[in-house]
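Listed below, chain by chain, are the residues.
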Amino acid sequence: GMTFLRKYFLLTDSSAHSLADALQLGEGLTVEFKRSISFEVQNSVDRVLETVAAFVNTADGTIFIGVEDNGSIHGLHLDGATAESALRDRVHQAVRNRIRPAPLIQVDFVEAGGETVCRVFVPRGEQPLHVLDGVIYVRDGASNIKAPPERVLKLIEEYAV
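None of the values given here were measured: they were computed from a predicted structure. (Residues numbered from 1 in each chain as written. Predicted model: local features only at pLDDT ≥ 70, side-chain atom pairs only at ≥ 80, totals over all residues. Heavy atoms only, no water.)

Draft legend 1. Local environment of helix 3 (residues 42-58). Taking 1.5 Å as the rise per residue, helix 3 with 17 residues should run 24 Å; its terminal C-alpha atoms sit 24 Å apart, in good agreement. The element helix 3 is extensively covered by neighbouring structure, given that 13 of its 17 residues are classed as buried. (Helix = DSSP H or I, 4+ residues; strand = E, 2+ residues; numbered from the N terminus. Expected span 1.5 Å × (residues − 1). Buried < 20%, exposed > 50% of the residue type's maximum accessible area, 1.4 Å probe, protein only.)

Draft legend 2. Layout of the environment of V91. Of note, V91 is situated in helix 4 (residues 80-98). Here the alpha-carbon distance between V91 and I105, two residues 14 residues apart in the chain, equals 9.4 Å. Not counting chain neighbours up to four residues away, the residues in contact with V91 comprise F39, I105, V107 and V120. (Contact = heavy atoms within 4.5 Å.)

Draft legend 3. A look at the nonpolar core. If you look at the biggest cluster of nonpolar residues, it comprises 25 residues, and the most contacted ones within it are V52, I63, I65, I105, C118, V120 and V122. For this core, the secondary-structure elements that each account for two or more residues are helix 3, strand 2 (61-65), helix 4, strand 4 (106-112) and strand 5 (115-122). It is helix 3 that provides the largest number of residues to this core, a total of eight residues. L19, V31, V67 and V117 belong to the second largest nonpolar core, which has nine residues in total. (Core = buried A, V, L, I, M, F, W, Y, C linked by side-chain atoms within 4.5 Å.)

Draft legend 4. Inspection of the pairing of strand 1 (residues 31-34) at higher detail. The alternating pattern of strand 1 places V31 and F33 and E32 and K34 on opposite faces, both of which are buried. Where strand 1 lies against strand 2, four bridges are found, and the strand directions are parallel. Bridged to E32 within strand 2 is I63. A crossover connection joins strand 1 to the parallel strand 2 through helix 3; in handedness this β-α-β unit is right-handed. (Pairing = 2+ DSSP bridges. Right-handed = clockwise from strand over helix to strand, strands pointing away.)

Draft legend 5. Up close: the sheet that holds strand 1. Reading across from one edge, 1-2-5-4 is the order of the four strands in this open sheet, with mixed pairing throughout. Where the open sheet ends on each side, the last strands, each with one partner, are strand 1 and strand 4. Neighbour to neighbour, the strand axes of the sheet diverge by 25 degrees on average, direction disregarded. Of the strands in this sheet, strand 1, strand 2 and strand 5 are in contact with helix 3, which crosses strand 2 at around 165 degrees. Sitting on the sheet, helix 4 is in contact with strand 4 and strand 5, with an inclination near 140 degrees to strand 4. (Axes fitted to C-alpha atoms, helices over the stretch in contact; angles between N-to-C directions.)

Draft legend 6. Region of interest: the side chain of R124. Mapped onto the elements, R124 comes out in the loop between strand 5 and strand 6 (131-132). One buried charged side chain, R124, makes no salt bridge at all; its nearest oppositely charged neighbour is E158, positioned 4.4 Å away. Looking at R124, its side chain comes within polar contact range of the main-chain oxygen of V56, at 2.6 Å. A distance of 3.3 Å separates a polar side-chain atom of R124 from the backbone oxygen of Q127. (Lys, Arg positive; Asp, Glu negative; His and termini not counted. Salt bridge = Lys/Arg side-chain N within 4 Å of Asp/Glu carboxyl O. Polar contact = N/O pair within 3.5 Å; in protein donor to acceptor, adjacent residues only side chain to side chain.)

Draft legend 7. Seen up close, the packing of aromatic side chains. This structure, assessed with the given rule, holds one aromatic pair. Note on F33 and F64: the rings are 6.2 Å apart at their centroids and 55 degrees apart in plane angle, and the pair reads as tilted. In this pair, F33 sits in strand 1 while F64 sits in strand 2, placing the two residues 31 residues apart along the sequence. Across the pair, exposure class does not vary: F33 and F64 are buried alike. (Phe/Tyr/Trp six-rings, centres within 6.5 Å; stacked < 30°, edge-to-face > 60°.)

Written as structure tokens, this is what we have:
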């Protein structure tokens, strides 16, 4: 699957924001900061998945986990490569399990000020609509909102060309 992903990201010329760029831009249409993610806390995972769904339905976006809303770097306290790999797998699995059709995402880790931040890059989807637990989310400024009917129609029309 990785070769396909690499080709896909090369062909579409879409790529994740660097952390430096994101901190300069701040949260907005294509950047989201999350202090942390806890798979034991449903709400924590839901917030991240809502953002993935909103980005995939709206525009290429990057989520930085380990950064406060105000841009200060909190970091994730991960114990080495095994913990990073486990986190990456759990993010991919949550996305696959709950967003239909499953979007292609890239998960990697960036270092900043001695802290580790998880970066989740979400390209705009190949399909007109991606649904999280039966709900269509879109990005509205720095927020994820449930898509109003006229926005849903617009998304479908954009793909009908």
